[in-house]
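# Coordinates in review
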Amino acid sequence: MKHWGTLLLLPGLLLAQPEFFGYFESEASTLQIGTSNYNYGFNKFRLDVEARPNDHILIGANLTAQQYWGQTTWNMLDFIPEEIWSPYFFPDPLSSSSYFDPTFPITIPDTLFLDNVYMKVSLSNLDITIGRQQISNGVGYAWNPTDIFNFKSLLDPSYEQTGIEGLRFDYPLAYTASVSVFIQPEQEWERSAKQGWLKVNLGSFDLELTKASHIWGHPTFFSGPYLQRRSLLGASVVGEILGFGTWFEGSSFQTDDPLATGGDEEWQEYLVGLDYTFENSLYILGEYLHNDLGVAKKSDLTLWDYLGALDGSSHSLMQDYAFFYAMHPTFDYVTLSAIAFANFNDNSGAFSPIVDWNIFQDTNLSLQGSFFWGDDNTEFGLQDWGLILNATSSF
């Protein structure tokens, strides 16, 4: 099932006249977490190809190779406060963590794979996209409550996302409305993820309504994932008010198996955001996220909460967050920017200044620092500082 898109689409790529493009990316990073220091990085090559056998068919694919160096085996317990994980390793209160150093190792392997590989068929009133493709839902920048397929990093929310295998149908309606449906088929129909969207333009605002159902996986440490069936009703709206870009995105989730959600059969998640560009070209963006399913009090956090946040199965560890971004093209080839985010429930956060230098045409060098605040037993205060040097060249 995983390779059906490749077998179906590659012959068409060979017969048509393809266009090739892509990039090479190299990154070196260091991260200080308490007494642990991680030095790591990667080299990444992505080759994209697109071809049009005729006016109705678009075939695309990209080959991605990523090789990691430095620290490739990480102890996930370094990213979780000791008071959270120690009861699972030292159930006896009289025992001491000094006897041995417990680990929960995660190894990052080198990868070589076809990420997006798809065929788009354009009929008179219907577009059908088959294969592994990009599915990016919602209008939020740092979070997307209506997205059941992707996970974002707060230090780089705009980084590319991996493709999702499935079938997509896009059908235009009257005026400026359209409807879309995406199905991610599994062996059993009940386990297949399904999502539909209705998009409407209302003057200076774009409105989107969505409904989805999917199987959600929650990590259970030693025994493997716990699966839970979820359904979603959501909406998003984006537009402009008094020169400010404004948006809202929210979802109401339901489940008939609330074991993994603390007995909650229904919960809400939403964000509001705005952005503005000043006359001096300074651009600012801010978002606020509330997630009912997050933990409200630091004292109620469990190991499973942290594992769910770390592996991306939940959009946030706790309930209330803010995200800020500022950018200014300070010099001809140099852009200064900064990211800041905060967890209001445990009073922790991070500040990340960034310098982007366009060295040559299509070649960029970026230096990003990260400084964290909060108590040592908080989500972001657990980390101390980090530094990322990135070089990217496109062709």
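Refer to the structure presented above.
This one's a predicted model, so the numbers in the text were calculated from it and none came from an experiment.

Each value, and the rule that gives it
Along each chain, the written sequence defines residue order, and numbers are assigned to residues from 1. In view of the model being predicted, local features appear only for residues whose pLDDT reaches at least 70, and side-chain atom pairs are presented and counted only at 80 or more, with totals across whole chains, interfaces and linings using the full set of residues. With hydrogens and water stripped out, all remaining heavy atoms of the structure feed into the side-chain values. Strand pairing is assigned whenever DSSP detects at least two bridges linking the two strands. Every helix listed is a DSSP run of H or I at least four residues long, and every strand listed is a run of E at least two residues long, numbered separately from the N terminus. Residue exposure (1.4 Å probe, protein chains only): buried if accessible area is under 20% of the type maximum, exposed if over 50%, otherwise partly exposed. Should any heavy atoms of two residues lie within 4.5 Å, those residues are counted as being in contact.

Relative to strand β8 (residues 164–172), strand β7 (residues 127–133) runs antiparallel, the two sharing seven bridges. Bridge assignment links D127 to a residue of β8, and that residue is D170. Inspection of the sheet shows β8 paired to strand β9 (residues 178–184) by six bridges, in the antiparallel sense. In the strand pairing of β9, Y171 is matched with V179. Where β8 folds back on β9, the antiparallel hairpin that results is connected by five residues, among which Y175 adopts a positive phi of roughly 60 degrees.

At L242, a position not held by glycine, the phi torsion is positive, near 55 degrees. Within the element layout of this structure, L242 appears in the loop between β12 (226–241) and β13 (244–254). Under the relative-accessibility criterion, L242 is labelled exposed at 81%. One non-glycine residue, S281, lies in positive phi territory at about 75 degrees. Mapping S281 onto the fold places it in the loop between β14 (266–277) and β15 (283–291). Owing to a relative accessible area of 37%, S281 belongs among the partly exposed residues under this scheme.

What follows deals with the environment of W373. By secondary structure assignment, the location of W373 is in strand β19 (residues 363–373). Overall, the relative accessible area of 39% leaves W373 in the partly exposed class. Dropping the residues within four chain positions of it, W373 is found in contact with F341, A342, N347, S348, G349, A350, F351, F380 and G381.

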